[in-house]
Amino acid sequence: MQSNRKIPGRALTALALACAGSTATAQTLIWSDEFNSGSLDTSVWNIETGTGINGDWGTGQLDRATDRPENLGFVDGVPGADGGVLSLTTRNEFYIDRDYTSGRINTQDNVAFGPGHKIEARVWPRDVRHQGQGFAFWMMPDEIPPGFDHIMWPQGGEVDIMEYVGSIPYHNLGTVHYAWFWEDNEYQDWNHGHLGGYYSFRDQQGPDEPEWIAVDLGQSLPIEQVVLHWEGAYGKTYKIQVSDDNQNWTDLYSTSSGDGGTDDLSVSGSGRYVRMYGTERATEWSYSLFEFEVFSGGANQAYGKPVFTSSNQASDLAGGNAVDGQYSTRWSSNLRNPGYGGYPPAPGDPNAGSTGFHTYGINWYWDRIEFYVDDNVYHTHYLNDGDAYTLDGNDEAHTQTVDGRRVYVSEYSNHFDEWHPFERQMYLILSAGVGGSDFTYGGPIVPEAQFPASVLVDWVRVYSLDDGAPPGDNDLALGQPASASSVEGEAWAAGYAVDGDPATRWASEWNDPQWISVDLGSVQPLAKVVLDWEAAFGSAYEVQVSNDGSNWTTAATVTDGDGGRDEIALSSSGRYVRILGSGRGTGYGYSLWSFEVY
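Treat the numbers as computed from the prediction; the structure is a model and nothing was measured.

## Considering the overall build of the protein chain
Step number 1: When its secondary structure is counted, the protein chain shows zero helices and 36 strands.
Step number 2: Seen through its principal axes, the protein chain has C-alpha atoms that stretch 105 × 55 × 45 Å.
Step number 3: Long-range pairs, those at least 24 residues apart, make up 73% of the contacts in the protein chain between residues at least 6 apart in sequence.
Step number 4: Counting every atom, the protein chain has about 24200 Å² of accessible surface; 47% of that belongs to carbon and sulfur.
Step number 5: Positive and negative side-chain charges in the protein chain, numbering 32 and 83 respectively, have mean positions lying 6 Å apart.

## Observations concerning the packing of aromatic side chains
Step number 1: For the coordinates displayed, the defined rule picks out 18 aromatic pairs.
Step number 2: Centroid distance F201 to Y360: 6.5 Å. Interplanar angle 75 degrees. Geometry classified as edge-to-face. Within this pair, whereas F201 is found in the loop between β14 (193-200) and β15 (211-230), its partner Y360 is found in strand β23 (residues 358-364), the two being separated by 159 residues in sequence. We note that F201, like Y360, is buried.
Step number 3: By way of ring pairs, the aromatic residues W31, F35, W45, F74 and F113 are connected into one cluster.

## Regarding the side chain of Q544
Step number 1: Within the element layout of this structure, Q544 appears in strand β33 (residues 538-546).
Step number 2: Within polar-contact distance, the side chain of Q544 engages the side chain of E542 at 3.0 Å.
Step number 3: Looking at Q544, its side chain comes within polar contact range of the side chain of R578, at 2.6 Å.
Step number 4: With sequence-adjacent residues up to four places away left out, Q544 is seen in contact with W552, T553, T554, A555, Y576, V577, R578 and L580.

## A look at the confidence of the model for the protein chain
Step number 1: Looking at the protein chain, pLDDT values average 92 and 94% of them are 70 or higher.
Step number 2: Low pLDDT, under 50, characterises residues 1-23; the predicted model gives this stretch 74 contacts beyond four residues in sequence or across chains.

## Observations concerning unusual backbone geometry
Step number 1: With omega at 0 degrees, the peptide bond leading from F451 into P452 counts as cis.
Step number 2: Relative to the elements of secondary structure, P452 occurs in the loop between β28 (426-434) and β29 (453-465).
Step number 3: Although it is not a glycine, I96 sits at a positive phi angle of roughly 65 degrees.
Step number 4: Take I96: it is sitting in the loop between β6 (85-95) and β7 (98-102).

## What about the pattern of salt bridges?
Once their charged atoms are close, side chains differing in charge can pair, the charge on each being opposite to the other.
Step number 1: Scanning the entire structure with this criterion turns up 30 salt bridges.
Step number 2: Here R202 makes a salt bridge to D203, at a shortest N to O gap of 2.9 Å.
Step number 3: Of the charged contacts, one joins K239 and D251 as a salt bridge, the two residues approaching to 3.4 Å between their closest N and O atoms. With K239 in strand β16 (residues 235-243) and D251 in strand β17 (residues 250-255), this pair connects stretches of sequence that are 12 residues apart.
Step number 4: The exposure class assigned to K239 is partly exposed, which follows from its relative accessible area of 30%.

## Quick word on the nonpolar core
Step number 1: Membership of the largest hydrophobic core comes to 46 residues, with the highest contact counts inside it found for W45, I119, F135, F137, L430 and V460.
Step number 2: If sequence neighbours within four positions are ignored, L430 has contacts with F35, W45, L86, L88, G103, R104, I105, F135, A136, F137, V457 and V460.
Step number 3: Counting 26 residues, the second-largest nonpolar core is a separate cluster that includes W506, I516, L520 and W533.

## Looking at a negative patch on the surface
Step number 1: Together, E183, D184, E186, D417 and E418 give the surface a local cluster of negative charge.
Step number 2: Following the sequence through the fold, D184 ends up in the loop between β13 (171-178) and β14.
Step number 3: Classification of D184 by relative accessible area gives partly exposed; the value is 48%.

## As for the side chain of E48
Step number 1: Locating E48 in the fold gives a position in the loop between β3 (46-47) and β4 (63-65).
Step number 2: On the basis of relative accessibility, which here comes to 17%, the residue E48 falls in the buried class.
Step number 3: Among the polar contacts made by the side chain of E48, one reaches the side chain of N106 at a distance of 3.0 Å.
Step number 4: Sequence-distant contacts of E48, defined by excluding residues within four places in its chain, comprise W57, A65, T66, R104, I105, N106 and I429.

The rules behind each value
- Per chain, the residues get numbers from 1 upward, laid out in the order the sequence is written.
- A pLDDT threshold of at least 70 governs which residues receive local features in this predicted model, and a stricter bar of 80 or more applies before side-chain atom pairs are shown or counted, although totals over entire chains, interfaces and linings include all residues.
- Side-chain descriptors were evaluated using all non-hydrogen atoms of the structure, hydrogens and water having been removed beforehand.
- Numbering of helices and strands runs from the N terminus; a helix is a DSSP stretch of H or I covering at least four residues, while a strand is a stretch of E covering at least two.
- Whether two residues are in contact is decided by their heavy atoms, any of which lying within 4.5 Å being enough.
- The accessible surface values rely on the Shrake-Rupley method and a 1.4 Å probe; as for residues, cover is taken only from the protein chains in view.
- A residue counts as positive if it is Lys or Arg and as negative if it is Asp or Glu; His and the chain ends are not included.
- Taken as the charge location is NZ of Lys, CZ of Arg, CG of Asp or CD of Glu.
- The pairing test for Phe, Tyr and Trp rings, Trp by its six-membered ring, is centres within 6.5 Å, and the orientation test on the planes gives stacked under 30 degrees, edge-to-face over 60, and tilted for anything in between.
- Note on exposure labels: buried denotes an accessible area under 20% of the residue type's maximum, exposed denotes more than 50%, and partly exposed covers the range between, all computed with a 1.4 Å probe on protein chains only.
- Side-chain atoms alone can form a polar contact between residues adjacent in sequence; in general such a contact is a pair of N or O atoms within 3.5 Å, and within protein one must be able to donate a hydrogen while the other accepts it.
- The predictor's confidence in any single residue is recorded as pLDDT, a number from 0 to 100.
- Salt bridge criterion: a side-chain nitrogen from Lys or Arg within 4 Å of a carboxyl oxygen from Asp or Glu.
- By nonpolar core is meant a set of buried Ala, Val, Leu, Ile, Met, Phe, Trp, Tyr and Cys residues that side-chain atoms within 4.5 Å join together.
- Only residues above 30% relative accessible area that lack a salt bridge enter a patch, with like-charged residues linked at up to 9 Å and the nonpolar side chains Val, Leu, Ile, Met, Phe, Trp and Tyr linked at up to 5 Å.

In structure tokens, the structure reads:
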């Protein structure tokens, strides 16, 4: 496995905080870009230019990305921003060979993160208001398997933290993409799994828009029985209501435990209009009725009568099918997940994502990824089969109520042993674009779309999760190759500090500086280092990490070492771990009984 991950040596203040409204506990800020300097930090961010894979970024886009300030710029004084903002702008202009330009940046080979981190960005997609306009904050793999010079998509995985499109203005989509089979790291067009959940800005949770079907009986009648013949997509929570004016409704029946099939309901009331009003779907699909029967005087008074619906999934699934007396036809509402429509939202609409800043992020644990907006978790993806549902070898997902909120709970993505995509380091991407097909940025661009269209990024921040350490307690350094700046003699070679034998040790020469390093064999997330000192201890030293054994980053610094056993918490990653001593605690050298890495 190869990775060139490095974290710039920024002066950051450790910030411990609690994450309200999500399952994350304590975190510590370890990296950020606040975009306050007025220029892009090119030690962190790469500017993408051109048209990407297949000349359309692999998704049918129409835009050419540039490095011009017209597409990538900085703005001060934006209302609601914490400081300066990065502006990524799409434009309707002819440039080289395309009619649209865009801005895209990524941190590939510079900054990458994996499990044990909270990753978020504060974004205002201000001008994303029409179909074909979109913005994404997402992650792609920054590691490569041994024996390969690349990692194929989707075997390497993809995490879409924010996917906001103008054609679905009231929702954000959080998704994982993965492969079902390794296929020797080669692309197959059928080998693509993806599980995504939507966030409703209005509801601050997963969506479940109310849906209804109402029948006009022609006159007010006493109602004694209502029979609902559900298709597989049925209502879990719904009401039967009556009205004389189709506006003011009275409840005759309600349930929160619908189980589908045929609901034969005895009711008592009267009205001209009778309505099934659904507020919670039992599936990810729609409300779907073969027949909606209303009995008065022993006869089905709904048969052949006019029908009104909140929505129809398709023209051949219209409301009239539910009162035609045929059990082979049906009415079906819109699906739970939103479709294209409702754009552009009214200016200032608080339920649209384009109205202001929101914080989009993930809590990335070793067993799951939690997607959230403004700390409201709306999609939790479990990596392993059986962690959320039955252990059966199948991907599965349902909307559940978690802590009083609708959350899309999905599993699983660890389908093959060769590579577990969401246990690896991934780099960050910020990209704006213009859609040219149904499969990118919410559909093809529409003529009424307005340009330039700017998306404003206030900041990107990454925290370590204090409870995000890898499962188990295995010493990654045990038995691995070790080297040192010096040894006092052959009996005290570096390898003796990682051999698991408490009676052997490494000892250096009697001067400063000195170091000992261990090669873990591949880039690993690192939670802690444990040092068991002999009497000759280090009073001042650094714990350093590297992906190549040459370029080192300091992960922890000790200035008051007193010997014995030192446990040093880390929130980092690397293939090589080194203890670099700059101050000996005695007149002798540095000497370790054991050097453990977790």
